[in-house]
Amino acid sequence: ICCYSNSHPVIDSSNIWSNTATTYGGGMYCSANSSPTLTRLSFKYNNASTGAGMYCSNNSNPALDQVTIVNNVAEHSGGGIYAPYSNLSINRSVISDNQSTGKGGGVYLSNFTSSVENTIISGNTAQDGAGLYISASAPRIVNCEITQNVASQFGGGIYMSVTEPELVNLTIGDNTAEAGSGIFSYRSETTVVNTILWNEPYNEVFFKLTGTPSSITFAYSDVQGADNGIVTNGNGTYEWLEGNINSDPAFEGGTLNPYVLTVGSPCIEAGTPDTTGLLLPY
């Protein structure tokens, strides 16, 4: 599917499977002020050089709700979604098991303000930013599970480059990377609230050694290792505000809902009492 030059289709309850593009957008290409509304779609087994599931650029504004983006393969970047210069909205979706040899195994966001809410980003692979690669933008990432993503280099869960994202009410766990298995930060500033970072083997948070310093602020979050889980490399600062803990979150495990908190988890009732503007789920 190609959406170009102010096209605004509404697509519902459809499968977009097993398509190939030599360059951009194996499943869908969206550009030039287009704003598709996508509901209950499935993007699977698509291939492209960049943006295997979806490619969105040039001031496009796609809105995704209840969309599944699974098992797509990009030769370069954006296994699931590649979205430069786009206002992308993702809600109640699953982005999993996508592959990219470059940046953004699950989602690549850059240069515009996007939002990702109530979404599972899991099992994706890339060189950098296996779950999410965020560059030169200020997206809002809320109520998401970012787990079991694998980066061969940096940023298993999230890679942040020259960006100011807002990270609220996330579970970031069991991601892997050479450095910054949970979050890798380069010239970025972010605030992390009501979030779990747990069971990442090579640092929960890692700042790049060179470039403009990064900063990160934690509040009401559970970070494995607390201060020891945050590696600034002398190239930035972190703030450890009230409400933070360093305790095993006691995930349920298993195959159905592995990251649900069990009864008695120290994370229950440990979040901020002021939920104004946090868009927490009912």
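Preceding this paragraph is the structure being described.
Computed from a prediction, not measured in an experiment: that's the story for all the values here. (Residues numbered from 1 in each chain as written. Predicted model: local features only at pLDDT ≥ 70, side-chain atom pairs only at ≥ 80, totals over all residues. Heavy atoms only, no water.)

S.K.: What is the right way to read the overall build of the protein from this model?
M.R.: The helix and strand tally for the protein stands at 0 helices and 32 strands. Computed over its C-alpha atoms, the radius of gyration of the protein comes to 18 Å, within 12% of the 19 Å expected for a compact globule of 282 residues. Projected onto its principal axes, the C-alpha coordinates of the protein cover approximately 50 × 40 × 35 Å. For the protein, long-range pairs separated by at least 24 residues make up 77% of all intrachain contacts whose partners lie at least 6 apart in sequence. With the model as given, the accessible surface of the protein reaches about 11400 Å², and the carbon-plus-sulfur share is 48%. When the 7 basic and 22 acidic side-chain charges of the protein are each reduced to a single mean position, those positions are 12 Å apart. (Helix = DSSP H or I, 4+ residues; strand = E, 2+ residues; numbered from the N terminus. Rg over C-alpha atoms; globule rule 2.2 N^0.38 Å. Contact = heavy atoms within 4.5 Å. Areas by Shrake-Rupley, 256 points an atom, 1.4 Å probe, with all protein chains shown as cover. Lys, Arg positive; Asp, Glu negative; His and termini not counted. Charge placed at Lys NZ, Arg CZ, Asp CG, Glu CD.)

S.K.: Looking at this model, I keep getting lost on the side chain of Ser115. Mind explaining?
M.R.: Inspection of the secondary structure assignment puts Ser115 in strand β15 (residues 115–117). With a relative accessible area of 17%, Ser115 lands in the buried category. Once residues lying within four places of it in the same chain are set aside, the contact partners of Ser115 are Leu88, Ser89, Ile90 and Arg140. (Buried < 20%, exposed > 50% of the residue type's maximum accessible area, 1.4 Å probe, protein only.)

S.K.: Mind showing me how you'd approach the packing of aromatic side chains here?
M.R.: The way to describe two aromatic rings as a pair is by their centre distance and the angle between their planes. Counted according to the given criterion, the structure contains 13 aromatic pairs. For the ring pair Tyr24 and Tyr55, a centre distance of 4.4 Å and an interplane angle of 15 degrees mean the geometry is stacked. Separated by 31 residues along the polypeptide, Tyr24 in the loop between β2 (10–17) and β3 (28–31) and Tyr55 in strand β6 (residues 54–56) bring together distant segments of the chain. Among the residues examined, Tyr55 registers a relative accessible area of 9% and is labelled buried. Aromatic pair Phe184 and Phe206: ring centres 5.8 Å apart, planes at 20 degrees, arrangement stacked. Of this pair, Phe184 sits in strand β25 (residues 183–186) while Phe206 is found in strand β28 (residues 205–207), placing the two residues 22 residues apart along the sequence. (Phe/Tyr/Trp six-rings, centres within 6.5 Å; stacked < 30°, edge-to-face > 60°.)

S.K.: Hey, could you run me through the sheet that holds strand β14 (residues 107–110) in this one?
M.R.: Paired through backbone hydrogen bonds, the strands of a sheet run either parallel or antiparallel to each other. As summarised here, the arrangement of the 10 strands in space is β1-β3-β6-β10-β14-β18-β22-β25-β28-β31, forming an open sheet in which the pairing is parallel. In this open sheet, the two strands that pair with only one neighbour each are β1 (2–4) and β31 (230–231). Bridge count between β28 and β31: 2 bridges; the pairing is parallel. If you follow Val205 over to β31, its bridge partner there is Ile230. (Pairing = 2+ DSSP bridges.)

S.K.: Just to check I follow, could you spell out the pattern of salt bridges for this structure?
M.R.: A side chain with one charge can pair with a side chain of the opposite charge if their charged atoms come near. Scanning all chains against the criterion turns up 3 salt bridges. Glu166 is the salt-bridge partner of Arg140, the closest N and O atoms lying 2.8 Å from each other. Of the two residues, Arg140 sits in strand β19 (residues 140–142) while Glu166 sits in strand β23 (residues 166–168), which places them 26 residues apart along the sequence. Judged by relative accessible area, Glu166 falls into the partly exposed class, the value being 35%. (Salt bridge = Lys/Arg side-chain N within 4 Å of Asp/Glu carboxyl O.)

S.K.: I would appreciate a short explanation of unusual backbone geometry in the present structure.
M.R.: Glycine aside, residues mostly have negative phi angles, and peptide bonds mostly take the trans form. The phi torsion at Asp174 lies on the positive side, around 60 degrees, for a residue other than glycine. Relative to the helices and strands, Asp174 resides in the loop between β24 (171–173) and β25. The backbone of Asn233 sits at a positive phi, close to 55 degrees, despite the residue not being glycine. Note on placement: Asn233 falls in the loop between β31 and β32 (236–240).

S.K.: How do you make sense of the environment of Val168 when you look at a structure like this?
M.R.: Counting through the fold element by element, Val168 comes out in strand β23. Take Val168: its relative accessible area is 1%, and that puts it in the buried class. When the C-alpha positions of Val168 and Val193 are compared, they lie 4.9 Å apart, and in sequence the two are 25 residues distant.

S.K.: Would you take a moment to explain the environment of Ser42 for this structure?
M.R.: Along the polypeptide, Ser42 turns up in strand β4 (residues 37–44). You can call Ser42 buried: its relative accessible area is 9%. Along the sequence, Ser42 and Asn71 sit 29 residues apart, while their C-alpha atoms lie 11 Å from each other. With residues near it in sequence (within four places) discarded, Ser42 still touches Ser14, Asn15, Ile16, Trp17 and Thr68. Reaching out from Ser42, the side chain makes a polar contact with the side chain of Trp17 at a distance of 2.9 Å. (Polar contact = N/O pair within 3.5 Å; in protein donor to acceptor, adjacent residues only side chain to side chain.)

S.K.: Got a minute to help me understand the environment of Asn169 in this structure?
M.R.: Looking at the secondary structure, you find Asn169 in the loop between β23 and β24. For Asn169, a relative accessible area of 26% translates into the label partly exposed. For the pair Asn169 and Asn118, spaced 51 residues apart in the sequence, the C-alpha separation amounts to 9.7 Å.

Just distances and angles here, no functional claims.
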